[in-house]
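# Topology and contacts: notes
Residue strings, one per chain:
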Amino acid sequence: MDFSYTILIPLIPLALFVILGIFSKKIPPSISGWIGSLGLGTSFVLSWYTAYSYFLGGKLNGVYQTFIYKTTWLNFTDKLHIDMGVLIDPISVMMLVVVSTISFMVHLYSRGYMKGDDGYTRFFSYLALFSFSMFGLVLATNLFQMYIFWELVGASSYLLIGYYYTKPSAVAAGKKAFIVTRFADLGFLIGILLISYYSGTFDFQEINSLHGSIITNWAATSFMGLSVITWGLILIYLGAAGKSAMMPFHIWLPDAMEGPTPVSALIHAATMVVAGVYLVARLFPVYYFVENGFALQIVAYVGAISSLVAAIIAITQTDIKRVLAFSTMSQIGYMMLALGVSKYDGHEGLGYMASMFHLFTHAMFKALLFLGAGSVIHIVHSNYLKDMGNLRKHMPITHITFLIASLSIAGFPGFAGFFSKDEILAAAYENNMLIYVSSVLVAGLTAFYIFRLYFGIFWGKDNTYEHTPHESPWSMTIPMLFLAFMSIAGGYIPFSDYISADSIPFKSHLNLPLAAIATSIGFIGIILAYVFYKKENNLPERFANSFGVFYKWTYHKFYFDEIYLFVTKKILFGIVGFSAAWFDKHIVDGTMVGIGNTTVAISEKIKGWQSGKFQDYAMSFVGGGVVIAMVVFYIWIN
Amino acid sequence: MIAGINIYEILTLTSILFFIGLYGFFTRENLITVLLSIELILNASALNFVLINTYLYPDLLQGAIFTIFIIALAAAETALAIAIIINLYKLIYSVEVKDTETMKY
């Protein structure tokens, strides 16, 4: 099998970015949208073809092989060299399919959504840059290559969040996303350096090797009671948590919704934010075997807490994109906890498979939810739930696809989310009861908040609109229909035949009792949402009031932003920054100013000596001569 | 060798001449008189050369020759100084020392 052509998948978007970026003023919008869509279409076809040929013929003796094509990019010494290349294994192929599908759909959708926008071509060149970076990240053969593309997706995310650069809130949101993730990436970088120092390589295959120096020899070094390797893995997870909006680095994700909605669908729902999950999955053997999976425990608990907190916050938000943002965070928490509770061999590695499965299905239905929300926002010109209502008759396609996506995320039987969520719950049930209970709770909350959104937008009160709402153009509805198809069909893909922690296919089956519990909890959530939001009534208000303080806390997202602001503004800028500034101003500057002032004062005193009277100078000269003569004479006679 | 006059008396005379010149140089207000004072200083030293030559080394001539050099030098210097003073006068219409004090701090 030769997969070297996969290098084209990232290179096509790179070429698009260069062309559209350089000639953004010259290419008319009508063409640039097509160029971008066609380019990504090629990547889309190549990715599906790769998946088809890999999963059919990539096995040797029942084990999926890893194909690596690489070249040395920077060669410092024999040991220290940075490679660039592509790595083809089950999860990278799966990610290729996810990224190319969503990116292609978003390109098609943006042709309608961004129509008439000033920066139309610029928008498509940014999308191409993002797609290139994300493909590069997915195909990375070593930690350093991944880090480079990791930063590139961060940069393109920054560009796209701040796309409406005349809007101060968008600029601030872009900055916030960049700074928060950069801060987390510092941990990632230190982690990379630690791991590669102890393993002597950046290469994923060597680091992950069961006979490699990391996995066999992790106990050799320790720091503060833990292996140094574990510290490295925790630091790498810090970077993953920053990118994937896990607590406490999630604060940038809701604000990132300032970007255009297709961007939210592509970057902040389906692809970039799951890069953290992908990173942990990529290093899974190391996470699992080093220190008996201590770092993996942290992954699991952080994922579980994030998913619960985000689901609670999502209930109270009124901006529909923010609800979806918190929902994304909650679902990524699901993927993280599934990885965290997973084991390595065969059926024991169910969590790993479930995590990747959920990543796949979540990408489809969450991108669809965002595209649906974008379609609604496009018509209503508002992000707020209060401005919507009773849109189902006006927008039948958006309504149906949104309903499919909602059922999918709520885990309704037969839809994609039902299957992947069931696997996650089964994995959690087998390994950690506490996490299982919290995940079931999250499943109920998810069903509730997503149907609150659904009923709020498409049923509920009859709003009066400035323009009569109408269905979005075909360019927007076709991608939605395709994703709706995937949100159902995605669940029937036999994922365990393709993806497992040890690359050996195994048989997984639906765990009926667990599925029944989760489904009934989901039903309760849907029915509650039906009662509360189907028709306009005062139930939600009364309910919110009965929770009182807790509701207020949740509405303000548990004051995470305020805590961050307090820490940065009051403590960092106020105390540390203030005293540092005082020291700089008064001690450092003071010394320099003091030297200058002393010189000025002295020269002020003695400048009168230069009077301009040549007779005075002559007098000094003669006087000096006399003094010298006297001294010489005195020495001479003695 | 001048009869009845001893070298110390003549050296006293030239010293007095030198210091009169110096005093004039320091105190005169007019640039021309300052120039005259310089001439006095030069003459005092020229006189010294001649006298010391005559009294101490009557067979040699170096002192006298040096005196001729000093006179030539004094003439050149005077010409130069007069030229400067004339130009200064053209510029500021004054030959007073106090009007030349603009080159200061």
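Everything that follows concerns the structure shown earlier in this document.
Report on the accompanying structure. (Residues numbered from 1 in each chain as written. Chains lettered and ligands numbered in written order. Predicted model: local features only at pLDDT ≥ 70, side-chain atom pairs only at ≥ 80, totals over all residues. Heavy atoms only, no water.)

For the rest of this paragraph, the subject is the overall build of chain A. The secondary structure content of chain A amounts to 25 helices and 6 strands. The dimensions of chain A, computed from C-alpha atoms along their principal axes, are 120 × 65 × 55 Å. Expressed as a percentage of its 638 residues, the buried residues of chain A come to 55%. Contacts in chain A between residues far apart in sequence, at least 24 positions, make up 79% of those at least 6 positions apart. Just so you have it, chain A exposes about 27,000 Å², and 69% of that area is on carbon and sulfur atoms. A gap of 9 Å separates the mean positions of the 36 positive and 33 negative side-chain charges of chain A. (Helix = DSSP H or I, 4+ residues; strand = E, 2+ residues; numbered from the N terminus. Buried < 20%, exposed > 50% of the residue type's maximum accessible area, 1.4 Å probe, protein only. Contact = heavy atoms within 4.5 Å. Areas by Shrake-Rupley, 256 points an atom, 1.4 Å probe, with all protein chains shown as cover. Lys, Arg positive; Asp, Glu negative; His and termini not counted. Charge placed at Lys NZ, Arg CZ, Asp CG, Glu CD.)

Let's shift gears to a nonpolar patch on the surface. Taken together, the side chains of I563(A), F566(A), V567(A), I571(A), L572(A), F573(A), I575(A) and V576(A) make up a nonpolar region of the molecular surface, amounting to roughly 750 Å² of accessible area. With respect to the secondary-structure elements, I563(A) resides in helix 24 (residues 560–606). (Patch = residues over 30% accessible without salt bridge, like charges linked within 9 Å, V, L, I, M, F, W, Y side chains within 5 Å. Salt bridge = Lys/Arg side-chain N within 4 Å of Asp/Glu carboxyl O.)

Each side of the interface is counted separately: chain B has 13 residues, and chain A has 12 residues. In this assembly, chain B packs against chain A so that about 1,100 Å² is buried in total across both faces, 69% of it on carbon and sulfur atoms. Of all the secondary-structure elements, those providing two or more residues to the side of chain B that touches chain A are helix 1 (7–27) and helix 2 (31–56) of chain B. At 4 residues, helix 1 of chain B tops the list of elements feeding residues into the side of chain B that touches chain A. Looking at the side of chain B that touches chain A residue by residue, the class counts come to 8 nonpolar, 2 polar and 3 charged. (Buried area = accessible area lost by both parts, 1.4 Å probe. Nonpolar A, V, L, I, M, F, W, Y, C, P; charged D, E, K, R; others polar.)

What follows concerns the pairing of strand 4 (residues 81–88) of chain A. All names here are of chain A. Of all 8 residues that make up strand 4, 7 are buried, and the element is covered over most of its length. Relative to strand 4, strand 3 (residues 67–75) runs antiparallel, the two being bridged by 8 bridges. What sits directly across from I68, in strand 4, is L87. Counting the residues in the hairpin turn of strand 3 and strand 4 gives 5 residues. (Pairing = 2+ DSSP bridges.)

So, about unusual backbone geometry. Residues and elements named next belong to chain A. Here the residue pair M247 and P248 is connected by a cis peptide bond, since its omega of -5° sits within 30 degrees of zero. Positionally, P248 belongs in the loop between helix 9 (228–243) and helix 10 (252–255). Positive phi is not limited to glycine here, since E291 has a value of about 55°. Secondary-structure assignment places E291 in the loop between helix 13 (284–289) and helix 14 (294–316). Taking the relative accessible area as the measure of exposure, E291 reaches 17% and is therefore buried.

Turning our attention to the environment of V376(A). Residues and elements named next belong to chain A. The residue V376 is located in helix 16 (residues 350–380) in this model. For V376, a relative accessible area of 0% gives the class buried. In this structure, the C-alpha to C-alpha distance between V376 and I457, residues 81 residues apart in sequence, is 8.3 Å. With sequence-adjacent residues up to four places away left out, V376 is seen in contact with H381, M388, L391, M395, T398, I457 and F458.

Moving on, we get to the environment of Y498(A). All names here are of chain A. Of note, Y498 is situated in the loop between helix 20 (474–489) and helix 21 (512–533). Sequence separation between Y498 and M94 is 404 residues, and the spatial gap between their C-alpha atoms is 9.0 Å. Once you skip the residues sitting within four places of it in the chain, Y498 turns out to touch F55, Y64, P90 and I493.

So, about the side chain of K421(A). Following the sequence through the fold, K421(A) ends up in helix 18 (residues 416–431). The side chain of K421(A) sits in the buried core without any salt bridge; D422(A) is the nearest counter-charge, 11 Å away.

Let us look at the packing of aromatic side chains. Residues and elements named next belong to chain A. A complete count under the given rule lists 51 aromatic pairs over all chains for this structure. Measuring from ring centre to ring centre gives 5.8 Å for Y109 and Y113, while their planes differ by 20°; the resulting arrangement is stacked. Residue Y109 and its partner Y113 are both found in helix 3 (residues 90–113); the two are separated by 4 residues, about one turn of the helix. Across this residue pair, the class does not change: Y109 and Y113 are buried. What links up through ring pairs into an aromatic cluster is the set F3, Y5, Y49, Y54, F55, Y64, F67 and Y498. The ring centre of W34 lies 4.0 Å from the NZ or CZ of R111, which sits over that ring. Its guanidinium or amino end placed over the ring of W459, R392 lies 3.8 Å from that ring's centre, counting from NZ or CZ. (Phe/Tyr/Trp six-rings, centres within 6.5 Å; stacked < 30°, edge-to-face > 60°. Lys NZ or Arg CZ within 6 Å of the ring centre and 35° of its normal.)

This part takes up the nonpolar core. Residues and elements named next belong to chain A. If you look at the biggest cluster of nonpolar residues, it comprises 205 residues, and the most contacted ones within it are I102, Y287 and I457. Residue contributions to this core peak at 21 residues, all from helix 16. Non-local contacts of I102, meaning those with residues more than four positions away in its chain, are made with A265, L266, A270, A363, M364, A367 and L483. (Core = buried A, V, L, I, M, F, W, Y, C linked by side-chain atoms within 4.5 Å.)

This part takes up the packing of helix 19 (residues 433–458) of chain A against helix 21 of chain A. All names here are of chain A. It is the contact of helix 19 with helix 21, at a shortest axis distance of 8 Å, that shows an interaxial angle of 35°. Seen from above, helix 19 lies across helix 21 with right-handed handedness. The residues of helix 21 that touch helix 19, namely those facing Y436, V440, G444, A447, F448, F451, R452 and F455, are L514, I517, I521, G522, G525, I526, L528, A529, Y530, F532 and Y533. When its residues are assigned to classes, the contact of helix 19 with helix 21 shows 15 nonpolar, 3 polar and 1 charged. (Axes fitted to C-alpha atoms, helices over the stretch in contact; angles between N-to-C directions. Left-handed = near helix turned anticlockwise from the far one by under 90°.)

A few words on the pattern of salt bridges. All names here are of chain A. All told, the structure shown has 10 salt bridges over all chains when counted by the stated rule. The partner of D319 in a salt bridge is R322, with the nearest N and O atoms 3.8 Å apart. You can call D319 buried: its relative accessible area is 8%. With a shortest N-O distance of 3.1 Å, K607 and E604 are connected by a salt bridge. Its relative accessible area of 48% is what places E604 among the partly exposed residues. Connected through shared salt-bridge partners, K176, D255, D319 and R322 make up one network.

Treat this as a map of the structure, not an account of what it does.
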